[in-house]
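Next come the chains, spelled out residue by residue.
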Amino acid sequence: MSRADAVLAEDTRRTGLLLAGCGISARRLISFHEHNEDERLPGLLEELAQGRSLALVSDAGTPLLADPGYALTRACRAAGFKVTVLPGPCAAVAALTASGMPPQPFVFLGFPPRRPGDRRHFFAPFAALQLTLIFYERKDRLRQTMETLLDLGGPREICLARELTKVHEEFIFFTLGEWEHLPGDLLGEITAVAGPPLSHKRLAEEDVRAMIAALRRQNPDTLKPRDLLRQIRAQAPGWSATEIYRLLR
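All residue numbers refer to positions counted from 1 along the written sequence of the respective chain. Local features in this predicted model are restricted to residues of pLDDT 70 or higher, and side-chain atom pairs are both shown and tallied only at a pLDDT of 80 or more, whereas totals for entire chains, interfaces and linings draw on every residue. Only hydrogens and water are set aside when side-chain values are computed; all heavy atoms of the structure are taken into account.

Visitor: Explain the side chain of Asp151 here, please?
Guide: In this description a helix means any DSSP run of H or I spanning at least four residues, a strand means any run of E spanning at least two, and both kinds are numbered starting from the N terminus. Locating Asp151 in the fold gives a position in helix α6 (residues 142-153). By definition in these notes, contact holds between two residues if any of their heavy atoms fall within 4.5 Å. If near-sequence neighbours (up to four positions away) are discounted, Asp151 is found in contact with Arg120, Arg233, Trp239, Ser240, Ala241 and Thr242.

Put into structure tokens, the structure is as follows:
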């Protein structure tokens, strides 16, 4: 790091403190983050063309994994510049390693979108596949994201890893739908590891219709639509609430 002509950092102040704490003196710190990445690229490539060396760091974890750097790495490769990597900490891999979830295959998804519709489209391609999903999420959207996963693919084992490698490191385990095990307030950075769907086969539509008819015969007057929906979802793997509701009408 001290031999690089410049160090690219998301937050130059934070990186400066980190380098100072490690006894490293950087020649020059350059702000480089998702909001200025495209603007900075031409100038950085010009510096490399002049024979200078650049080091890229991120605030926490490994660059490119939910952090900037992909565009720069790709541009450097395309221009023929040498790119090398020094392996460092990665919350996604650390959480997977400690979770006990099946490690192969797994998919790292980064941060899900904020809007419900976008979030649903984000997870939909992976919902029915037998693989482990790893993603980052903020505490105020965690419950909604978990409900989306349940709606799309049914129950899954979940591991929430927070404050990894820090003093208050914690692993929380529960199954989607068992919301009483999901703490109401989680502090720190959260990495979610979702195991493969526990329900391997989607029920046929005629089976779901037969289930609805049977429940209605058993409780013709007392069963409310939302109660009926909840019971059907628990017994109909692979069916979302929206799909079941359509059959209830």
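Anyway, onward from the coordinates.
Visitor: Looking at this structure, how should I read the packing of aromatic side chains?
Guide: Aromatic ring pairs are reported here in terms of the distance separating the ring centres and the angle at which the planes meet. Within 6.5 Å between ring centres, the rings of Phe, Tyr and Trp (the latter by its six-membered ring) count as paired, and their orientation is classed by plane angle as stacked under 30 degrees, edge-to-face over 60, tilted in between. If you walk through the whole model with that rule in mind, you get four aromatic pairs. Centroid distance Phe108 to Tyr136: 5.2 Å. Interplanar angle 65°. Geometry classified as edge-to-face. In this pair, Phe108 sits in strand β4 (residues 106-108) while Tyr136 sits in strand β5 (residues 132-137), placing the two residues 28 residues apart along the sequence. Measuring from ring centre to ring centre gives 5.1 Å for Phe122 and Phe123, while their planes differ by 85°; the resulting arrangement is edge-to-face. Burial classes: relative accessible area under 20% of the type maximum marks a residue as buried, over 50% as exposed, and values in between as partly exposed (1.4 Å probe, protein chains only). According to the relative accessible area criterion, Phe122 is partly exposed, its value standing at 22%. Here the aromatic cluster, defined as three or more aromatic residues joined through ring pairs, consists of Phe108, Phe111 and Tyr136. A ring is scored as having a charge over it whenever the NZ atom of a lysine or the CZ atom of an arginine sits within 6 Å of its centre and within 35 degrees of its normal. When the ring centre of Phe111 is taken as reference, the NZ or CZ atom of Arg138 above it lies at 4.8 Å.

That's the geometry; what it means functionally is another story.
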